[in-house]
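# Close look at the chain arrangement
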Amino acid sequence: MCGILAVLGIADHSQVKRSRIIELSRRLRHRGPDWSGLHHHQDCYLSHQRLAIVDPTSGDQPLYNEDKTVVVTVNGEIYNHKELREKLKSHKFKTASDCEVIAHLYEEHGEDFVNLLDGMFSFVLLDTRDNSFIAARDAIGITPLYIGWGPDGSTWFASEMKALSDDCERFMSFLPGHIYSSKNGGLRRWYNPPWYLEHTPSAPYEPLVLRKAFEKAVVKRLMTDVPFGVLLSGGLDSSLVASVASRYMADSEAACQWGSQLHTFCIGLKGSPDLGAAREVANYLGTRHHEFTFTVQEGIDALEEVIYHIETYDVTTIRASTPMFLMSRKIKSLGVKMVLSGEGADEIFGGYLYFHKAPNKEEFHQETCRKIKALHLYDCLRANKSTSAWGVEARVPFLDKEFINVAMGIDPEWKMIRPDLGRIEKWILRNAFDDEQNPYLPKHILYRQKEQFSDGVGYSWIDGLKDHANQQVTDSMLANASFVYPENTPTTKEGYHYRTIFERFFPKNPARSTVPGGPSVACSTAKAVEWDAAWSKNLDPSGRAALGVHVAAYEETKAASGSPSVNGSFE
Amino acid sequence: MCGILAVLGCSDDCQAKRVRVLELSRRLKHRGPDWSGLYQHGDCYLSHQRLAIIDPASGDQPLFNEDKKIVVTVNGEIYNHEKLRSLLPNHNFQTGSDCDVIAHLYEEYGENFVDMLDGMFSFVLLDTRDNSFLAARDAIGITSLYIGWGLDGSVWISSELKGLNDECEHFEAFPPGHLYSSKTEALRRWYNPSWFSEAIPSAPYDPLVLRQAFENAVIKRLMTDVPFGVLLSGGLDSSLVASITARHLAGTKAAKQWGAQLHSFCVGLEGSPDLKAAKEVADYLGTLHHEFHFTVQDGIDAIEDVIYHIETYDVTTIRASTPMFLMSRKIKSLGVKMVLSGEGADEIFGGYLYFHKAPNKEEFHRETCHKIKALHQYDCLRANKATSAWGLEARIPFLDKEFLNVAMNIDPEWKMVKPDEGRIEKWILRKAFDDEKRPYLPKHILYRQKEQFSDGVGYSWIDGLKAHAELHVTDKMMLNATHIFPHNTPKTKEAYYYRMIFERFFPQNSATLTVPGGASVACSTAAAVEWDASWSKNLDPSGRAAIGVHNSGYETKHLPNAVANGNLKTDIMVMGVSAQELTIRG
């Protein structure tokens, strides 16, 4: 990842302002520790903090077109950049950076090129010929981006809120799949896949088509000039990523430079379920596996930093971000700059336990659509910012545009959980990789149910957080919560504790509004809470509430087959 | 490098205090990006930000003795840790970290073990049995350390000023070679080499002894479990470091893990003298050489960040730190975590041009002693903090304790600059490595005079800085400078500009006092300004002023190449002002 900050149409362009922008840009340096660049043109500043993954020697930013009239600052990876370069035969490229195509595509196609990009990205492009600019964010919002407005009429864009929150009067999260153009002064959506309308699709389930689509999504993400690895929790999603990556790694350019043994990484409290599960998968795949353990105290000590980096007060996101944040530091210290990660599968396939209660396929499908659209506020936010805090880049193959089109075109009847037919959650994904001859994973791993959310790192993690919050937040504080925090009022002491930390770093009203709220059970959207009358009475943000459903709905034995987690977490 | 912060006896052990200590410790995170640790015992906190160089897998800190009664947080490298371990056969070590020995040595020897450590270090050790503690800093102050006192009676010790300046009522630089013990509540010097008294030594100059001592100093610094390299400006000092490293790399453990080809690094403005000189040396030695170019604008944009990191307003230090700071970021981005660097030789051997004017060997020697004692405020500060800003560690072989003993024991007559005998500055060092059969460096490099200070990165760098400061500091501001900054009043607009930035980051009076000041010509101490009456009228901090001296002092034919073939001016006053006289370097 990199960090970008752009300020356009600023009233004052003195040296003082330049220093201020350099200072603000430094707040994003963790995202791009390798180099920084600042382009200044009249009343516009484009700054960049670079993490060098592709073309480390010459790809410093900002990037330009041939005559330097078009300037672009980009955070992201364009996986199809070689193919796009091919189509721009008349253009001269100055670097080997994957992001340089953006300036040239703009010259060729004007503002309508964004959908040609296959990757994750946020960028700001300045056309110095007429001082117009555009900004865009990738389809799902894998990379973070914020937009803000200064009292002097300036428009601001930043990879993280901390770079613009102090200087903007108003700001908000830049909507994923959107483009902002200074010419028409507004945001419009450039990402228009068929699933976006939430109509129930009808394509039949073809295991091989789904498998192929995912394999392609992983393979294109092996593009790198630096050492990389896979985050492996031992659950289905990360194990599939690791399996596919290790299978195709030998053919990749990266393997020629850094060796063909895949590095895998896992974190947990000592003896946690994830550590055991990941080790099993790593042994099976023969990866070079690295285990990191942390203590509850280390996690608690990191909370403030996590909230500063992740920029949320959402309880599940903070719980899950903390171990990922700690692990990223260790990964970086080994010299690894990029990791593949398994986010997105639970949203696309309805992998959360509460999906067991979906009343019909239409509701099931709509819920998956809503979950994907909200990913940028939850798991994408976590995956991107926890890793970027230490200059590690996370790539997310499940959120490949083409893979989503395939997976979201399948008749959702196939995704429904049908214990009577032996179909557990994410069955179509499991089945797609159930290859008898050349197994991707051993059957028991392919079909195992894993810990939900943060329980995997160790059962005492969430309990430790709750205990800690109980010591910090008194009953009377919680009683007054609705007065102190009228918006998204915290309903638990843990939520209250995180909120006070967040407010300290980001005290402005608009900051609060970038974080989602509303009722939820086990990570559901507010709409899905209606699936079970009992849920609205017990809004626990963790997966544990849904486990009750699990046990209640089916045989006790079925739930227990998932893992020992039921014993540990079912209080 | 790592970053340490210790708060002792703060009479507050609540969660809020813990959170505050964590927050302050994060200000040192750049020094140790790899992991952090916090140990709390009652109202004592020892925190650590780690850069893992030795034993990356298990050496997380703080470190403990066997029964965890003694806790220590260390920034540094103990080069003789294996030998020290063997002196402690009845101790069980929990990690492979070189710093692990400190807790065990304390158990064995009490407070009197510091001189046994060979390396660069700052540490705080807490004995939980009686809640006593001690803190110490290496002999020369290669690692940075500050000590402060809180209103609540707490003692604070931190690798950088920024870790404690907001919490302490008073703070100061922790003097190098000293030890602070809570039992006596006082600082005392543990470092007592013979040269410290500044008596004039009389040992004869033996080239091979000097060579051997320096080779040993370099070799012991090749101890690492991670990729490393050498900073190579192409001058004598860094070229010698590179040459010896390249020669001895093959036999080391590091070479087995990371390959036997040495990486070397150089920074400069495009086309600068250093880039060219370094390339020549790198080609000769066959190193894998990396050149980094920066623009004057890149440098100016970094100034605030540099001052925040280096924690000084000293003009020459800031000028020289900026390219080093930029280069360190690039080096780190290549995955390199440690570099060897050539600081210290100019102090030990009197390499600055103003030494040409030393009136006699006694004055010459005393000036070298003063310079070495002040290194922690200048070049050590720069080398340590410019690299640590990006999680890179700099090791300084010229400041090896044993090498210093050898070099500072030689009769200073040998160090005197004697154009009539063909001895230019640092001649005894050059001569020591003048090996006809197996040359360390080609003769013309071994005996060449290089750009002083920051001119090597490109002549327009300093001029660019001055021009920039000119835009931001008005004449009116200068008129009031003595009133605004009564202590160490800035005398130039450039100095004023740096001072404003420094005061913004470190507004406390104590902070201002940590930075040295006083009269200086071309990096001399105040005492040496008296060597030439004309100097006191023209206190230019750069090396350019001394060149004028150079010219007026000797015949042109005695001048070293770099100086001789230019259009030297006799007018000292204009030195370093226009681009014109810079051509002397061409």
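Residues numbered from 1 in each chain as written. Chains lettered and ligands numbered in written order. Predicted model: local features only at pLDDT ≥ 70, side-chain atom pairs only at ≥ 80, totals over all residues. Heavy atoms only, no water.

## Here's the deal with the overall build of chain B
The secondary structure content of chain B amounts to 22 helices and 17 strands. The C-alpha radius of gyration of chain B comes to 23 Å, within 12% of the 25 Å expected for a compact globule of 586 residues. Its C-alpha atoms give chain B principal-axis dimensions of about 70 × 60 × 45 Å. Within chain B, buried positions represent 65% of all 586 residues. (Helix = DSSP H or I, 4+ residues; strand = E, 2+ residues; numbered from the N terminus. Rg over C-alpha atoms; globule rule 2.2 N^0.38 Å. Buried < 20%, exposed > 50% of the residue type's maximum accessible area, 1.4 Å probe, protein only.)

## Focus: the UniProt feature "domain: Glutamine amidotransferase type-2" (unreviewed entry) in chain B
According to UniProt, the feature "domain: Glutamine amidotransferase type-2" (unreviewed entry) maps to residues 2-185 of chain B in the numbering used here. Along residues 2-185 of chain B the backbone is 15% helical and 34% strand, and the end-to-end C-alpha distance reaches 26 Å. (UniProt positions renumbered as here; feature names shortened; annotations may be inferred.)

## Quick notes on the interface of chain A and chain B
Across the contact, 28 residues belong to chain A and 27 residues belong to chain B. When the two sides are added together, the surface that chain A and chain B hide from each other amounts to roughly 2,700 Å², 44% of it contributed by carbon and sulfur. Among the residues of chain A in contact with chain B, A:Trp35, A:Asp301 and A:Arg329 are the three that bury the most area, contributing 25% of the side total. The tally of links between chain A and chain B comes to eight salt bridges. Two residues, A:Arg29 and B:Asp305, come together in a salt bridge whose shortest N-O distance is 2.3 Å. Applying the counting rule to chain A against chain B returns 20 residue pairs in polar contact (both at pLDDT 80 or more). Those elements that place two or more of their residues in the side of chain A that touches chain B are helix H1 (15-26), strand S2 (35-41), helix H8 (296-310), helix H9 (315-333) and helix H16 (459-472) of chain A. No other element matches H8(A), which puts six residues into the side of chain A that touches chain B. Its residues placed into classes, the side of chain A that touches chain B shows six nonpolar, 10 polar and 12 charged. (Contact = heavy atoms within 4.5 Å. Buried area = accessible area lost by both parts, 1.4 Å probe. Salt bridge = Lys/Arg side-chain N within 4 Å of Asp/Glu carboxyl O. Polar contact = N/O pair within 3.5 Å; in protein donor to acceptor, adjacent residues only side chain to side chain. Nonpolar A, V, L, I, M, F, W, Y, C, P; charged D, E, K, R; others polar.)

## Regarding the sheet that holds strand S15 (residues 288-293) of chain A
All names here are of chain A. The parallel open sheet is built from five strands, whose spatial order is S15-S14-S13-S16-S17. Of all the strands in the sheet, the pair left with one neighbour each is S15 and strand S17 (393-395). Taken over all neighbouring pairs, the strand axes of this sheet differ in orientation by 30 degrees on average, direction set aside. Relative to strand S16 (residues 338-340), strand S13 (residues 228-231) is paired through three bridges, and the arrangement is parallel. (Pairing = 2+ DSSP bridges. Axes fitted to C-alpha atoms, helices over the stretch in contact; angles between N-to-C directions.)

## Some thoughts on the environment of B:Ile424
With respect to the element layout, B:Ile424 can be found in the loop between helix H13 (401-407) and helix H14 (427-432). Once you skip the residues sitting within four places of it in the chain, B:Ile424 turns out to touch B:Val417, B:Arg430, B:Tyr447 and B:Gln449.

## Topic: the packing of aromatic side chains
For the structure on display, the rule yields 67 aromatic pairs over all chains. Measuring from centroid to centroid gives 4.3 Å for A:Phe214 and A:Phe398, while their planes differ by 20 degrees, and the two rings are stacked. Within this pair, whereas A:Phe214 is found in helix H4 (residues 207-220), its partner A:Phe398 is found in the loop between S17 and helix H13 (401-407), the two being separated by 184 residues in sequence. Judged by relative accessible area, A:Phe398 falls into the buried class, the value being 0%. Ring-pair connections join several aromatic residues into one group, and the members of that group are A:Phe113, A:Phe121, A:Phe123, A:Trp190, A:Tyr191, A:Trp195 and A:Tyr196. It is B:Arg499 that lies over the ring of B:Tyr313; its NZ or CZ is 4.1 Å from the centre. Above the face of the B:Phe505 ring, B:Arg504 is positioned so that its terminal group lies 5.5 Å from the ring centre. (Phe/Tyr/Trp six-rings, centres within 6.5 Å; stacked < 30°, edge-to-face > 60°. Lys NZ or Arg CZ within 6 Å of the ring centre and 35° of its normal.)

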